[in-house]
Amino acid sequence: MLVIGKWGKLISLFVLLVVLVTANGEAKVAAQNQQPERVNKEMSVPAKIAFTSNQHLFLVDGRDASGKIKQITKDGYAQIVGWSPDGKWLLFVKYKGNDNYSTPGYVWIVRADGSKTVQVDERAVFEMPKWSPKANKLAYTVNIGSNEVPSPLLIVKEIHDQGEVALQSSTKADFADFAWMPDGENMLVSLPAEKNKPMTLALHTLAGKPLTAYPIAEPPKVGEGIYPWAATGLKVSPDGKAVAYFVRYNSGSLSADGVPIQWFDLTQPAKKPIELGTGLAYPDWLAWTPNSDQLAFVDGTDRIATTNKQLKLADRAGKVKTVSPGPVVVDTYPVWIPKAPYTLLFTRGLATAYSYDPKKVMVPEQGIWRRSADGAEQQVTKGSANTADYYPAPSPDGKQLLFLRLDRAEHGSLFIQGIGEDADKQVELIKNITGDIGYYANYLPPWVSVYWE
């Protein structure tokens, strides 16, 4: 999710999203007095775990069965971004107020053992920061202009072992979105459409030097009012040869109800992008196989995340296969198990009309499912009629699964269980994990982040 819009159109888009959330009565539930607690103190898990509770950030080392939960933030509102490639640092954004809409957010890192926190920049972040896939470098944007006349900069910084932060580059950010390339040496950026200028993807060095440009559409007909504006949510394939993304319009309300999902082959720039479907613009709902052969994505219009969302797969040729059995269910959160043959995990529950009640889960009986390479499907986790499972985090070998089980709309516990023969052996590890249901129950950004050792 963007923190602040880049210019007038993007600012208007997200202001509209906030207004819609407020208008639909989706205020956060008041912080609970219950503190997170490690339930099982005998079972060790080879993973570092970050989670939120009562708007604050917590860390726990699963390898130490009796290890205490460490509270990292004690003021503001914490939002998890994710672990560094080596698992030594957790990246997060801390907002000064009690939400991530109305107050500025700042980039922070914390050492995995909780012993040191570092504010990366004293300026408010303009976009969600992103780790390099190869090194402890992060990129983010800040605004050195005004809200009326933004002047965004892309900042790249390196984090050293003792937490020293070194500036690598600072360049003009004249794009709508960016993504690290898998080699960690270059960036893929999205240039928005303007009069006589098409939407374009461009390869830049970290210092901002343009290398290659990929026009992905014709110049817009600006006079018609509404037109495709920019590619956002860029997800580059692990081999760096393709990218999946969402095509946002220059209309906030139209973009909020679903946008085209496209796939572009970076090795064949003369070819047009392939349109895979239409869905909500959440990069967390796009997932490549480690060998880049398949893309899992969630298709379905309407901003509500509790219905009309179907899991689909696309191959390298752009051929799409529907995995979902139909509108009776709702699918979200595709995650591939890293080990071949690649198995897909995802959440599935009965499609449910949107209705917020803090005492109830949003999608009752939602579980985590597994789809094997041969297409066979099996439900892996199963709670009760009053629970819903989220955020599947499989171990690299595909034998264990960490996940969040909600028992109320904004409250739950972290569980672990085996995948396969040990699928029924569920163990509750940490209780009283809390967070926000997100925009119309998308449960983004995630409340839990796992780094498997």
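Worth saying up front: this structure is predicted, and the values here are computed from it rather than measured. (Residues numbered from 1 in each chain as written. Predicted model: local features only at pLDDT ≥ 70, side-chain atom pairs only at ≥ 80, totals over all residues. Heavy atoms only, no water.)

(A) The arrangement of the pairing of strand β5 (residues 77-83) in detail. Most of β5 is tucked away, with six of its seven residues classed as buried. Relative to strand β6 (residues 89-95), β5 is paired through six bridges, and the arrangement is antiparallel. Bridging from a neighbouring strand, glycine 82 pairs with leucine 91 of β6. The turn joining β5 and β6, which pair antiparallel and follow one another in sequence, is formed by five residues; a positive phi near 75 degrees is taken by glycine 87. (Buried < 20%, exposed > 50% of the residue type's maximum accessible area, 1.4 Å probe, protein only. Helix = DSSP H or I, 4+ residues; strand = E, 2+ residues; numbered from the N terminus. Pairing = 2+ DSSP bridges.)

(B) Spatial organisation of the packing of aromatic side chains. For the structure on display, the rule yields 17 aromatic pairs. Ring centres of tyrosine 443 and tryptophan 447 lie 5.7 Å apart, and the angle between their planes is 50 degrees; this geometry places the pair in the tilted category. Residue tyrosine 443 is classed as buried on the basis of its relative accessible area, which comes to 1%. Among the aromatic residues, those joined into a ring-pair cluster are Tyr282, Trp285, Tyr333, Tyr390, Tyr391, Tyr443 and Trp447. Stacked on the ring of tryptophan 369, the Lys or Arg arginine 348 has its end atom at 5.2 Å from the ring centre. (Phe/Tyr/Trp six-rings, centres within 6.5 Å; stacked < 30°, edge-to-face > 60°. Lys NZ or Arg CZ within 6 Å of the ring centre and 35° of its normal.)

(C) Expanded view of the pattern of salt bridges. Enumeration according to the criterion identifies 17 salt bridges in this entry. Arginine 316 serves as the salt-bridge partner of aspartate 239, at 2.6 Å between the closest nitrogen and oxygen. Remark: arginine 316 occurs in the loop between β23 (310-315) and β24 (320-322) and aspartate 239 occurs in the loop between β17 (228-236) and β18 (242-249); sequence separation between them is 77 residues. On the basis of relative accessible area, aspartate 239 is assigned to the partly exposed category, the value being 30%. Across the pair aspartate 257 and arginine 303 runs a salt bridge whose closest N-O atoms are separated by 2.8 Å. Of this pair, aspartate 257 sits in the loop between α2 (252-256) and β19 (259-265) while arginine 303 is found in the loop between β22 (294-299) and β23, placing the two residues 46 residues apart along the sequence. Taking the relative accessible area as the measure of exposure, aspartate 257 reaches 30% and is therefore partly exposed. Arginine 303 sits in the buried class, given a relative accessible area of 11%. It is possible to trace a salt-bridge network through shared partners that takes in Lys48, Asp61, Arg63 and Glu453. (Salt bridge = Lys/Arg side-chain N within 4 Å of Asp/Glu carboxyl O.)

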